[in-house]
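Next come the chains, spelled out residue by residue.
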Amino acid sequence: FLHMKNKNYRFSKSHEELLIPPTSCHAKTNVMFLKTHKTASSTVLNIMFRFAERYNLTVALPADQLYHLGYPRTFVAQFVEGFETIGQNYNIMCNHLRFNPLEVKKVMAANTFYFSILRNPIRLLESSYIYYKSIVPAFKNTKNVNEFLASPTKYYHPADYRANIYAKNIMWFDFGYNNNAEDDTKYIQAVLEEIEQNFHLILIADYFDESMILLKNTLCWDLDDVIYFKLNARSQETVQTLTPESEEQIKAWCSLDWKLYLHFNQSFWRRIEETIGLEVLEKEVDLLRTRQKELMETCLSEQEAVRKDHIRNKALLPFQSGAANILGYNLKQDLDNRTLRTCQKMVIPELQYMSYLYSVQHPHKRKKMGLPLLWTSVQEKVRAPVSN
Ligand SMILES: Nc1ncnc2c1ncn2[C@@H]1O[C@H](COP(=O)(O)OS(=O)(=O)O)[C@@H](OP(=O)(O)O)[C@H]1O
């Protein structure tokens, strides 16, 4: 779609003007995204991978047979494939890792832009419960998320702290901090300040489209760079209704994440007001949604995500976990090669895309095992020598 964008845009002049970046603005190509859990981060990862392909950038991918950058271990540079030879010359980093700034800096160029994304801990914990129910000790022996939240300490045992990271302050943990730390005002303030120093931008998943506009404007990217199809979503029947008491309990149980979220939700909106302004933001969000709808009409058989058993091409099946039915997409069957390639990249799940990029970037290494390789072979066949 990148090559078609001039032809396809039907925006009025004033809208076009909104999209023209200031002349001094160059697209930032050294970008690190801290991929937090259950925060729409797989959708962002897909955006990052497509951007990397567009500009032929080097991505810091998990080494050998790793699927993530060593998570939940604290990140070290050796978790990146090729670090010994490539050194501090990676452009993009976006797979799951537990943040460790000094080690990340060994891999990423000095002028790298750092960003991440947070989600309201109430929605996040409900999602996390369903997704990790069978592997997290604190969740295993409870009937549902409300039962867990009625008395979390009954199920959450300190001895299981490693296996229980998804049950308490998971965002705090992903940023590299102790998710079982005391809720102490001074400590929290110090962490928030450190995050502000380490990251140039924190997005909010609950305002995903607004986040994409802020991201593209900050990085001087094109609107098409941030057009996305929602990835890693669940089917509606596995979404549980939280009682009002459970919602309140999450704010206390995950108080570190709650304060993290409140702080950066505020700075997110302040940043919007100080840069784009709410009026322009609304117009740009409209353009994003229009473009997204057009692309869905071009690419998809059904105009929405479908349940796992309805995904025809098993190479496009997202990783499934716990009680969640993770949705995917069916592409139209009569797409020409070039459109097919564009559409595949919009819907390809995280692990398959990572495995594909890995085989392109490291052709002499053994391919990642245990992943559907079909997509890779389909992709190799349709790779045409065109630039996009
Ligand atoms: N664009 C957009 N806007 C809003 N929400 C979105 C978006 N994309 C993904 N999602 C929701 O994010 C949840 C999956 O998060 P992650 O991809 O970060 O999960 S993972 O940790 O990588 O497994 C998952 O949440 P739940 O459906 O509540 O589980 C997705 O529905």
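Here the residue numbers are simple positions, counted from 1 along each chain's written sequence. A pLDDT threshold of at least 70 governs which residues receive local features in this predicted model, and a stricter bar of 80 or more applies before side-chain atom pairs are shown or counted, although totals over entire chains, interfaces and linings include all residues. Side-chain calculation: all heavy atoms of the structure are included, whereas hydrogens and water are not.

**Q** I keep staring at the packing of aromatic side chains and nothing clicks. Help me out?
**A** Two aromatic rings are characterised by how far apart their centres lie and by the angle between their planes. Any Phe, Tyr or Trp ring, taking Trp's six-membered ring, that has another such ring centre within 6.5 Å forms a pair; planes under 30 degrees apart are called stacked, those over 60 apart edge-to-face, and the others tilted. A complete count under the given rule lists 26 aromatic pairs for this structure. Seen in terms of ring centroids, Tyr156 and Trp253 are 5.0 Å apart; in terms of plane orientation they differ by 85°. Their pairing is edge-to-face. Here Trp253 lies in helix α13 (residues 244-253) and Tyr156 lies in the loop between α9 (152-155) and α10 (170-174), a separation of 97 residues in the sequence. Accessibility assignment for this pair places Tyr156 and Trp253 in one class, buried. An aromatic cluster of at least three residues, connected via ring pairs, comprises Tyr129, Phe139, Phe148, Tyr155, Tyr156 and Trp253. Its guanidinium or amino end placed over the ring of Trp253, Lys168 lies 4.2 Å from that ring's centre, counting from NZ or CZ. Going along the chain from the N terminus, every DSSP run of H or I of four or more residues is numbered as a helix, and every run of E of two or more is numbered as a strand. Relative accessibility decides the category of a residue: with a 1.4 Å probe and only protein chains considered, values under 20% of the type maximum give buried, values over 50% give exposed, and everything between is partly exposed. In this scheme, the term charge over a ring applies when either NZ of a lysine or CZ of an arginine sits within 6 Å of the ring centre and within 35 degrees of the ring normal.

**Q** What should I look at first to understand the packing of helix α3 (residues 41-54) against helix α17 (residues 350-361) in this one?
**A** Helices that pack against each other are described as a pair by the angle of their axes relative to one another and the distance between those axes. Between N-to-C directions, angles cover 0 to 180 degrees, with each direction set by a line fitted to C-alpha atoms, over the stretch in contact for helices. Orientation of α3 relative to α17, taken along the N-to-C sense of each, is 25°, at an axis distance of 10 Å. With respect to each other, α3 and α17 are oriented roughly parallel. As α3 runs across α17, the sense of the crossing is left-handed. Here Ser42, Leu45, Asn46, Phe49, Arg50 and Glu53 of α3 come into contact with α17, specifically with Glu350, Tyr353, Met354, Tyr356 and Leu357. Nonpolar residues are Ala, Val, Leu, Ile, Met, Phe, Trp, Tyr, Cys and Pro. Charged residues are Asp, Glu, Lys and Arg, and all others, Gly as well, are polar. Counted by class, the contact of α3 with α17 contains 6 nonpolar, 2 polar and 3 charged residues. Should an angle lie under 35 degrees it is considered roughly parallel, over 145 roughly antiparallel, and from 65 to 115 roughly perpendicular; all remaining angles are considered oblique. What makes a crossing left-handed is the near helix being turned counterclockwise from the far one by less than a right angle; a clockwise turn instead makes it right-handed. Should any heavy atoms of two residues lie within 4.5 Å, those residues are counted as being in contact.

**Q** Sorry if this is basic, but what is going on with the site of the ligand here?
**A** Being near a molecule or strand, for a residue, comes down to having at least one heavy atom within 4 Å of it. Within the structure, the ligand sits among 22 residues, and Lys35, Ser41, Ser42, Ser127 and Arg234 are positioned closest to it. In the model, an oxygen atom of the ligand is placed 2.6 Å from a nitrogen or oxygen of the Ser41 side chain. Here a polar contact is taken to be a pair of N or O atoms separated by no more than 3.5 Å, where protein atoms must pair a possible hydrogen donor with a possible acceptor and residues adjacent in sequence count only if both atoms sit in side chains. In this structure, an oxygen atom belonging to the ligand sits 2.7 Å away from a side-chain N or O atom of Ser127. For every accessible area listed, the method is Shrake-Rupley and the probe measures 1.4 Å; residues are considered covered only by the protein chains on display. In the complex, the protein chains occlude 91% of the 650 Å² of accessible area that the ligand would expose alone. Breaking the shell around the ligand down by element, the ones donating at least two residues are α3 and α6 (121-132). For the shell around the ligand, the element with the most residues is α3, which contributes 3 residues. Taken together, the residues of the shell around the ligand sort by class into 7 nonpolar, 9 polar and 6 charged.

**Q** In this structure, what is going on with the confidence of the model for the protein? I would like to understand it.
**A** Should the pLDDT be low somewhere, the predicted coordinates at that spot are not to be read in detail. Known as pLDDT, the predictor's per-residue confidence is scaled from 0 to 100. On average, residues of the protein carry a pLDDT of 90, and 89% of them reach 70 or more. Low pLDDT, under 50, characterises residues 373-388; the predicted model gives this stretch 36 contacts beyond four residues in sequence or across chains. Among the prediction metrics, the complex's ipTM stands at 0.99, with pTM recorded as 0.91.

**Q** Before we go on, may I ask you to explain the pairing of strand β3 (residues 113-118) in this structure?
**A** Along a regular strand, successive side chains alternate from one face of the sheet to the other. Here β3 lies mainly inside the structure; 6 of its 6 residues are buried. Of the two faces of β3, the one carrying Phe113, Phe115 and Ile117 and the one carrying Tyr114, Ser116 and Leu118 are both buried. Across 4 bridges, strand β1 (residues 31-34) lies against β3 in parallel orientation. Opposite Leu34, over in β3, you have Ser116 as the bridge partner. Pairing of β3 with strand β4 (residues 201-204), which is carried by 4 bridges, proceeds in the parallel orientation. Across the sheet, residue Ile117 finds its bridge partner in β4, namely Leu203. Whether two strands pair comes down to DSSP finding at least two bridges between them.

**Q** Mind showing me how you'd approach the environment of Leu125 here?
**A** On the secondary structure map, Leu125 appears in helix α6. For Leu125, a relative accessible area of 2% puts it in the buried group. For the pair Leu125 and Met48, spaced 77 residues apart in sequence, the C-alpha to C-alpha distance is 25 Å.

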